[in-house]
Amino acid sequence: MRAKESNGLNLKEVISYSLLPFGMATIFSVTSTALNMYFTDILGLSMGMVSIIMFVSKIWDAFNDPIMGSIVDKTKTRFGKCRPYIFWMSLPLAAALALLFAPIDFGASGNFVYAFAAYILFYTVNTSVDIPNQGLPSLIFPEEKQRVKAIAVSNILGSLGSILPSVLFFTIAGLWGRENEKQGYFLSAVIFAVMAGIPMFISAFGFKEKVKIPQEKIAFKEALKIVLSLIHISEP
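Residues numbered from 1 in each chain as written. Predicted model: local features only at pLDDT ≥ 70, side-chain atom pairs only at ≥ 80, totals over all residues. Heavy atoms only, no water.

(A) Seen up close, the packing of aromatic side chains. Taken as a whole and judged by the stated rule, the model has 17 aromatic pairs. Taking the centre distance of 6.2 Å and the plane angle of 65° together, the rings of phenylalanine 106 and tyrosine 114 count as edge-to-face. What makes phenylalanine 106 exposed here is its relative accessible area of 53%. What makes tyrosine 114 partly exposed here is its relative accessible area of 22%. Here the aromatic cluster, defined as three or more aromatic residues joined through ring pairs, consists of Tyr38, Phe101, Phe169, Phe170, Tyr185 and Phe192. (Phe/Tyr/Trp six-rings, centres within 6.5 Å; stacked < 30°, edge-to-face > 60°. Buried < 20%, exposed > 50% of the residue type's maximum accessible area, 1.4 Å probe, protein only.)

Here it is as structure tokens:
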């Protein structure tokens, strides 16, 4: 018999779903805490180079998000619309995070090209998990009261995921990188990638999509208008 609260909320599903925000928050915290420093202080990229990487990634994101949304909308499997991408992309996302901190040494130009490619790859794979993640709560928990409680629990684990890298990343990197800073950053990133990726992958085994959403067809011209409007809104 499945464990439930008195109000019928399935504890297994709540905990399983909450592992997903935990992993996503952990990954975001690693990049926001350490990535810029790794690019500039360890790989030797200039602030201008890093700005170019971030700027291009934002432009790509304006296209990437609606494209992924359209892909999810067209997805129809026995596992649902959003859940399959948690199966398929959680571990690749963890790998993409680790690749951002790879201990490379290709020279100034080579390091820039690698960092650019690795970041765009990371952004793309991250979107393939983040977009489905945003749609999951209403599909797993159709009743509003249950959904609110489930999201509250997931926010707690998400906060934990945010705190751990901000507190421990540089400590771990320092312990492992006393003689090689690149190696220390990479090993710390790998530890947090595993800490995020495995729970995210496992989470998909503990919940099911209960709501079936009919596929909505969007014309190419309409999708293009949405993308262009997003770019226009993002302009200063």
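This is not the end of the story, as more comes after the structure.
(B) Structural detail: the packing of helix α1 (residues 11-42) against helix α2 (residues 47-74). Between α1 and α2, the least distance of the axes is 9 Å, while the angle of their chain directions is 140°. In terms of axis orientation, α1 runs oblique to α2. With respect to the hand of their crossing, α1 and α2 are arranged in right-handed fashion. Where α1 abuts α2, its residues Asn36, Phe39 and Thr40 lie against Met47, Val50, Ile53 and Met54. Of the residues in the contact of α1 with α2, the class split is five nonpolar, two polar and no charged. (Axes fitted to C-alpha atoms, helices over the stretch in contact; angles between N-to-C directions. Helix = DSSP H or I, 4+ residues; strand = E, 2+ residues; numbered from the N terminus. Parallel < 35°, antiparallel > 145°, perpendicular 65-115°, else oblique. Left-handed = near helix turned anticlockwise from the far one by under 90°. Contact = heavy atoms within 4.5 Å. Nonpolar A, V, L, I, M, F, W, Y, C, P; charged D, E, K, R; others polar.)

Any link to function would need more than the numbers given here.
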